[in-house]
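Residue-level structural notes
What follows is each chain in one-letter form.
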Amino acid sequence: EAVAADWMLEFACCCLCRHFGEGSAAEFRRWRDVAQALINGLSKIAMHQKKTVYLCQLLIRIEKGKNLECHFENDQRISPLESALSFWALLEREEIKLEKLHKDIRCLIQIQIVAVYMENGYFKEAAEVLERLFTDSETDKPLRVKLATVIKSKDPYVPLLQSFSYSLLITKIKSYIELFMKENETNFLIQAATKQVESKGVGATALQNKPVNVNENHKRNLKTKRRFVLSIILLRDMLGQKLSTSTLSIFKFWLFYGCLNSFENIENHGDALACSRRRQRWTYKEDMKLKSGVREFGVGNWAKILVHGDFNNRTSVMLKDRWRTLCRSD
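Residues numbered from 1 in each chain as written. Predicted model: local features only at pLDDT ≥ 70, side-chain atom pairs only at ≥ 80, totals over all residues. Heavy atoms only, no water.

What to know about the overall build of the chain
What the chain contains, in helices and strands, is 15 helices and zero strands. Residues classed as buried in the chain amount to 41% of the 330 residues present. Considering only intrachain contacts with a sequence separation of at least 6, the fraction spanning at least 24 residues in the chain is 67%. Here the chain displays about 18800 Å² of accessible surface, and carbon together with sulfur accounts for 53% of that area. (Helix = DSSP H or I, 4+ residues; strand = E, 2+ residues; numbered from the N terminus. Buried < 20%, exposed > 50% of the residue type's maximum accessible area, 1.4 Å probe, protein only. Contact = heavy atoms within 4.5 Å. Areas by Shrake-Rupley, 256 points an atom, 1.4 Å probe, with all protein chains shown as cover.)

Quick look at the structure:
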């Protein structure tokens, strides 16, 4: 059960990072709820989970950063960004190789904590939070003095706040999570899903060279749901113990609500996809890109080749079939 929860937590964090980077607000909120449920279900945070948990909590708070009505702490004075700063401090302790990026993000969060209060006309609260944010150390003094001057001016549009804007903070956070995603490509669920995509392609039935009717789509979706249910049973047996009701419920939530939107899209657009891809000739340019992709990623890595190449309405299955044709012709 602990192993399964660990996989799901890592996967939820990766989804949060991806949707945060893409600016997909609705998807981010959906995975935020999943991640929060998994974190709340932990009896304790293991050492290897700390960075994942801290990053989830950071992103959840950054996403609500401009909403002063939202509170994550018992102390109602603490804004979402001030709460985010505490998790950023925890993340900084977990790694030391990104000192420059760490410093930039910490500085931006501090500035935006004050800026958000000022944008809402809460100048008294901005002065109070300044006292909480900074110590009397000499390293903090220059920024503390500048922000104190900005608060006294009661002008939220001064050059300092405009230069270190909220959008710049988001950009820096995105740079950080890109590095995190590269380091966490070994998550079990991601690897298993990648193998599934590479072996069968996404929505392979809908992409055959024949029209797909509603009944066929309906049957395919039923099979998909059954496979997911069987995967839960298989996972339980692999662990050698029965999953608790709460963990099983979370896992079902992830499998069905986290994945079925993609299959619903295939069902809704299956006919259009099948028609648009039927008898589409391969161009010389596409063949060159396919060969280049094979040289870079190797035969069999069709999903990676598809993502990195600029193919027109192609799937990984189509890439595999075309490669076989090219090999035969050569």
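Some details on the pattern of salt bridges
For the coordinates displayed, the defined rule picks out 11 salt bridges. In this structure, Lys100 engages Asp104 in a salt bridge whose closest nitrogen and oxygen atoms are separated by 2.7 Å. Taken as a pair, Lys100 and Asp104 lie in helix α5 (residues 99–119) at a separation of four residues, close to a single helical turn. Among the charged side chains, a network of salt bridges with common partners joins Arg32, Asp33 and Glu63. (Salt bridge = Lys/Arg side-chain N within 4 Å of Asp/Glu carboxyl O.)

What about the packing of aromatic side chains?
One pass over the full model with this rule turns up five aromatic pairs. A centroid spacing of 5.7 Å and a plane angle of 70° characterise the contact between Phe11 and Trp31, whose relative ring orientation is edge-to-face. Here the residue Phe11 occupies a position in helix α1 (residues 2–22), and Trp31 occupies one in helix α2 (residues 25–40), the gap between them amounting to 20 residues. The residues Phe11 and Trp31 share a single accessibility class, namely buried. Aromatic side chains Phe20 and Phe28 sit 5.9 Å apart centroid to centroid with 55° between the ring planes, which places their arrangement in the tilted category. Judged by relative accessible area, which is 9%, Phe20 ranks as buried. Accessibility expressed as a relative area gives 2% for Phe28, which makes it buried. The ring of Trp282 is capped by Arg314, whose NZ or CZ atom sits 4.1 Å from the centre of that ring. (Phe/Tyr/Trp six-rings, centres within 6.5 Å; stacked < 30°, edge-to-face > 60°. Lys NZ or Arg CZ within 6 Å of the ring centre and 35° of its normal.)

Observations regarding helix α7 (residues 141–153)
Taking 1.5 Å as the rise per residue, α7 with 13 residues should run 18 Å; its terminal C-alpha atoms sit 19 Å apart, in good agreement. Where α7 is concerned, the buried positions are Leu143, Leu147, Val150 and Ile151. Axial view of α7: buried residues confined to an arc of 100°, hence all on one face. Where α7 is buried, its residues meet α5, α6 (123–133) and α8 (159–163). (Expected span 1.5 Å × (residues − 1). Arc of directions from axis to C-beta.)

Brief notes about the side chain of Asp287
Along the chain, Asp287 turns up in helix α13 (residues 284–297). Excluding its chain neighbours within four sequence positions, the residues that come into contact with Asp287 are Trp282, Arg322 and Leu326.

Observations concerning the packing of α2 against helix α3 (residues 50–63)
Packing of α2 against α3 leaves a shortest axis separation of 11 Å and a crossing angle of 140°. In terms of orientation, α2 and α3 fall into the oblique class. In terms of crossing hand, the pair formed by α2 and α3 is left-handed. Contact residues: α2 offers Phe28, Arg29, Arg32, Ala35, Gln36 and Ile39, while α3 offers Val53, Cys56, Gln57, Leu59, Ile60 and Glu63. (Axes fitted to C-alpha atoms, helices over the stretch in contact; angles between N-to-C directions. Parallel < 35°, antiparallel > 145°, perpendicular 65-115°, else oblique. Left-handed = near helix turned anticlockwise from the far one by under 90°.)

Description of empty space enclosed by the protein
Tallied over the entire structure, the rule returns two cavities of 30 Å³ or more. Quantified by volume, the largest cavity comes out at close to 40 Å³. Taken together, Lys51, Glu95, Leu98, Tyr176, Leu179, Phe180 and Glu183 make up the full set of residues lining the largest cavity. The greatest single-element share of the lining of the largest cavity, amounting to four residues, is contributed by helix α9 (residues 166–183). Residues that form the lining of the largest cavity fall into these classes: four nonpolar, no polar and three charged. In this structure, the second largest cavity encloses a volume near 30 Å³. (1 Å grid on protein atoms, 1.4 Å probe; cavity = no way out; pocket = protein on both sides within 12 Å on 5 of 7 lines; lining within 4 Å. Points joined across faces, edges and corners; volume = space filled by probe spheres on them. Nonpolar A, V, L, I, M, F, W, Y, C, P; charged D, E, K, R; others polar.)

Notes on the side chain of His102
As for its placement among the helices and strands, His102 is situated in helix α5. A residue is classified by how much of its surface remains accessible, and His102, at 5% relative accessible area, is buried. Excluding anything up to four places from it in sequence, His102 contacts Trp88, Glu92, Glu95 and Tyr176.

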